[in-house]
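# Descriptive analysis of the structure
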Amino acid sequence: MDDRTPSTGTAAPADAARVTPLMEQYVEIKSANPGSLLFYRMGDFYELFFEDAEIASRALGIVLTKRGKHLGEDIPMCGVPVEKSDDYLHRLIAQGHRVAVCEQTEDPAEAKKRGAKSIVRRSVVRLVTPGTLTEDTLLEAKRNNWLMAIARGRPASDAAPTFGLGWLDISTGEFHVAETDAARLAAEIARLEPGEIIVADQVHDDPELRALWRTHAAVVPVAKELFDGANAERRLAEYFGVATSNSFGNFTRLELVAAAAAVTYVERTQLGKRPALTPPVREHGDTVLSIDAATRANLELVRTLSGDTRGSLLAVVDRTVTASGARLLATRLASPLTDPAAINARLDGVQFFLSDSPRRARGRMALHAAPDLSRALARLSLQRGGPRDLAAVRDALDVARTMAGALSHPDLPTELAACAKSLGAVDPELRATLAETLADELPLSKADGGFIRAGCDDDLDAARKLRDDSRQVIAGLQSRYADETAIRALKIKHNNVLGFFIEVPASQGDKLLGADFRAQFIHRQTMAGAMRFATTELGEIEGRIASAGDRAIQLELAIFDRLSAAVLSAIRPLEAVADALARVDVAAALAELAETENWTRPEVDSSLAFLIEGARHPVVEDSLRRDGGPFVPNDCDLSGPDGDKAGRIWLVTGPNMAGKSTFLRQNALIAIMAQMGAYVPARRAHIGVVDRLFSRVGAADDLARGRSTFMVEMVETAAILNQASARSLVILDEIGRGTATFDGLSIAWATLEHLHETNRCRALFATHFHELTALSARLKRLVNTTVRVKEYHGDVVFLHEVAAGVADRSYGVQVAKLAGLPPAVIERARIVLAELEASDRAAPVRKMIDDLPLFSAASRAAQPATDPLLEAIAALDPDALTPKEALESLYRLKGLASERKK
Ligand code: ADP
Ligand code: MG
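Described below are features of the structure shown in this document. (Residues numbered from 1 in each chain as written. Chains lettered and ligands numbered in written order. Predicted model: local features only at pLDDT ≥ 70, side-chain atom pairs only at ≥ 80, totals over all residues. Heavy atoms only, no water.)

### Quick word on the overall build of the chain
Just so we agree on the cut-off: Helical segments are the DSSP runs of H or I of at least four residues, strand segments are the runs of E of at least two, and each set is numbered from the N terminus. For this measure, only C-alpha atoms enter the radius of gyration; the expected value for a globule follows 2.2 Å times N^0.38, where N is the number of residues. By definition in these notes, contact holds between two residues if any of their heavy atoms fall within 4.5 Å. Each accessible area is a Shrake-Rupley result for a 1.4 Å probe, and residues are judged covered by the shown protein chains and nothing else. Under the counting rule used here, the positive set is Lys and Arg, the negative set is Asp and Glu, and His together with the chain ends is not counted. Where a charge lies is defined by one atom per residue type: Lys uses NZ, Arg uses CZ, Asp uses CG and Glu uses CD.
Helix and strand content of the chain: 33 helices and 27 strands. Against the compact-globule benchmark of 29 Å for 902 residues, the chain has a radius of gyration of 37 Å, which places it well outside the compact range. Along the first, second and third principal axes, the C-alpha atoms of the chain reach 135 × 85 × 70 Å. Sequence separation of at least 24 residues holds for 68% of the intrachain contacts in the chain that already meet a minimum separation of 6. Within the structure as shown, the chain displays about 42900 Å² of accessible surface, and the carbon and sulfur contribution to it stands at 54%. Computed over 109 positive and 122 negative side-chain charges, the inter-centroid distance for the chain is 1 Å.

### What to know about the environment of Glu415
Turning to its location among the elements, Glu415 is positioned in helix H17 (residues 414-423). C-alpha separation for the pair Glu415 and Ala587, spaced 172 residues apart in sequence, amounts to 9.5 Å. Excluding anything up to four places from it in sequence, Glu415 contacts Arg332, Ala345, Arg346 and Arg583.

### Some remarks on the packing of helix H2 (residues 50-60) against helix H3 (residues 85-94)
In plain terms, the rule: Here an angle of 0 to 180 degrees is reported between the N-to-C directions of two axes, which are lines fitted to C-alpha atoms, with helices fitted over the stretch in contact. Angular relationships are summarised with four words: roughly parallel below 35 degrees, roughly antiparallel beyond 145, roughly perpendicular across 65 to 115, and oblique for the angles in between. Asp, Glu, Lys and Arg are counted as charged, while Ala, Val, Leu, Ile, Met, Phe, Trp, Tyr, Cys and Pro are counted as nonpolar; the rest, among them Gly, fall into the polar class.
As a packed pair, H2 and H3 sit with axes 10 Å apart at the nearest point and diverge in direction by 95°. The pairing of H2 with H3 is recorded here as roughly perpendicular in orientation. Judged by residue contacts, Ala56, Ala59 and Leu60 of H2 engage Tyr88, Arg91 and Leu92 from H3. A class-by-class count of the residues in the contact of H2 with H3 yields five nonpolar, no polar and one charged.

### Topic: the sheet that holds strand S5 (residues 99-104)
For clarity, the cut-off: By definition, two strands form a pair when at least two bridges between them are found by DSSP.
Pairing is mixed in the open sheet, where six strands are placed in the order S3-S4-S2-S1-S5-S6. At either end of the open sheet lies a strand with only one pairing partner, and these are strand S3 (65-70) and strand S6 (122-128). In this sheet, adjacent strand axes meet at a mean angle of 35° when their direction is disregarded. The strands that H2 touches are strand S1 (37-42), strand S2 (45-49), S3 and strand S4 (73-81); relative to S4, the one it contacts most, it runs at about 45°.

### Re the site of ligand 1
Test applied: Near residues are defined by distance, with any heavy atom within 4 Å of the molecule or strand qualifying the residue. Polar contact criterion, stated in full: a pair of N or O atoms within 3.5 Å, where within protein one must be able to donate a hydrogen and the other to accept it, and residues adjacent in sequence count only if both atoms are side-chain atoms.
What surrounds ligand 1 is a group of 15 residues, the closest being Val632, Met657, Lys660, Ser661 and Thr662. One of the backbone nitrogen or oxygen atoms of Met657 is found 2.6 Å away from an oxygen atom of ligand 1. Gly659 places a main-chain nitrogen or oxygen 3.0 Å from an oxygen atom of ligand 1. Starting from 550 Å² of accessible surface for ligand 1 in isolation, the protein chains cover 79%. Listing elements by their share of the shell around ligand 1, those giving two or more residues are helix H24 (618-627) and helix H25 (660-676). A per-element tally of the shell around ligand 1 places H25 first, with three residues. The class makeup of the residues in the shell around ligand 1 is eight nonpolar, six polar and one charged.

Next up, the structure:
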């Protein structure tokens, strides 16, 4: 049950325990909607009570007040005005809250009829949750808003559990499923960034997964029944109105369970309504380049480390002109592919538009007028749509027609050919009907009426004429009455109490009360100076006028429903149109980007090549351009030597600020761009597809998760060394920086050896440990490179040029001088440095290179044999020992130790 309802308090006096009818109703509705803040409609406000009020007042920064007492205690309350509620909803949802919107479902006058004390009926009309939004005001136009269900599989014996994922966006209708393992779950969540995640109670409470949920704003534990495998298939089939979910393709059991949980949750939050979804599409884990959460954050793909979207790769490369195109681009950037054929098919589309700028310009021009069709369709399918959503369908079909023209070409690449086909697949009748029926100016809400064009419907025209002609009809009646009664001053007026009435000066009133007119004019009121009358005729006209307005609205609503039904009956082809427009937008936008920024088509295949010439970092280049500086392009070659199933490692040295991090990242970004099917910022690029990409920076702060920075660095490095394959790309930036020099150097050293000998991946390794460069003598695929600098009159000049070789020194003192350290400190540092350098720090390292056995040998030897002493120590539980037992243990350990010495 819900624990937010008020406690009964302690020993409340009898009368204090009285519960008002309003509170009774509130508590009942609240307890039926646990886990949601209840927006309880009272007049022009949504009120929140008890703990809800406390949460909302904190979250929204609004005043917390009190309203009466409940069970003897004050009721905390806060409220938001209904007309501004969207804004408040938005802020609550963004913070991961859920809101149950409870409306008055009857007129207060109705309630009064049941007795003075009875209260207005209310019920929850909608649950607003972060993952089930449809309103443009609550959604980000350029991002998908995924609801993700995660189903955990019961593993055989002690194997690691697998997970079924189902994710859908009810605002666009997209729906996907996949299966993943425990190791990749976090990466999948980071890739999709769901607005809301649902999991079964016991999965939510699993201690092993708790850390994962904590990093996400809206993880909702739901009843186990949503994840019930026994009826999952039936629920899914029912949602789509098909006999069996087999008709969508083959899913694993876990995928079915997750998909069914997602749709059932949607039905529950939408109170039984079923937004239109495309049948679930299955994604295979190995078709997508796997990028874990830390790498994503680190490479600033969709937002910067500080959380801004500006300055991210996405912001710099996005040249789309439609919201759905922007969403698709973001999705592709988050999920680059691994299949060279699929990647090249996308690249063909980009190339097509690049090679024909006039055609591209024509297409993009047309797209500028394209509305957000998928979101309009979603609202219509939820009966939450308005006239402008119908207009969106009409306008999108217009754009589709123009675009189909722009795509007419004998040799269209496959992806664009499929788009062209979809663009023409909707019956033209629909567009014509919408165009003929919808008015030019459209109200936001259908309830306002006035959105159907005149001349479409005879009944509607007649009703409107009657409504609009009312002034003339009344004026005509007024002059006729004035003639008939010969009272020039007779007027027909209107007020809210009487409605229409006839008014004459008091002096003339008697005439109408007389025998001649008594039958026709019925006396209503006598005022000072005036008398008011009614006639049956006036009453009839009044009734007709009022009902004509109502009737016009009713007729319009009926037409709306007809149009809406026509749209929904074509929803599949319309969704295909939306999808095609988004794809064309992305292809044309990437072509536009390639042309304006002078990017090239990467050669993508299944080799282990990684050869990039004249590469730039798109974001750094963009910001340098604004500051007027040139970006220095650099080459990178990590391709494995011929015949070797392994890649090269570039060890990059150079002083701080030389450009090491920039160089590392630009190569990772180019791999991502290439595999998403985009051109890349380089003169030439040849990339053998990467299966997993890892990027780590030494000593990154992760205070939020409460781990020391060094610990984070090591945990992340461990993940790489355990997971990277020969097909992976690893970027390590100053690993080992977070601890003492020799510690750090040793860890970096061992890491490098492991990457070279065991992972055998392509890697870039930036380091400030110059000692590591000596390793190239032993590791044959390790290449020493350095970012060059020049010394000029005691200052350091950054050339940003990556060249073969080793940095001669770190220029730390010069960089410190640039940073403005006081001259006395700089001078002193130079002297200390000279002393240190004279003692030749590198000497012991050279000795190590000669003395230490190679890593592979070391790693084999490192397999720990069981050690009775260690086992005995591990078996101890110091907290559980009595002092006597502790002493005995000590003797026992001592015994074991001396035994080993023998
Ligand atoms: P490091 O990691 O070696 O300390 P960074 O990669 O952080 O250096 O680069 C420091 C700054 O140098 C960047 O912010 C950028 O302004 C500039 N920079 C880096 N690479 C280049 C380049 N190739 N061309 C021009 N400027 C660059
Ligand atoms: Mg750096």
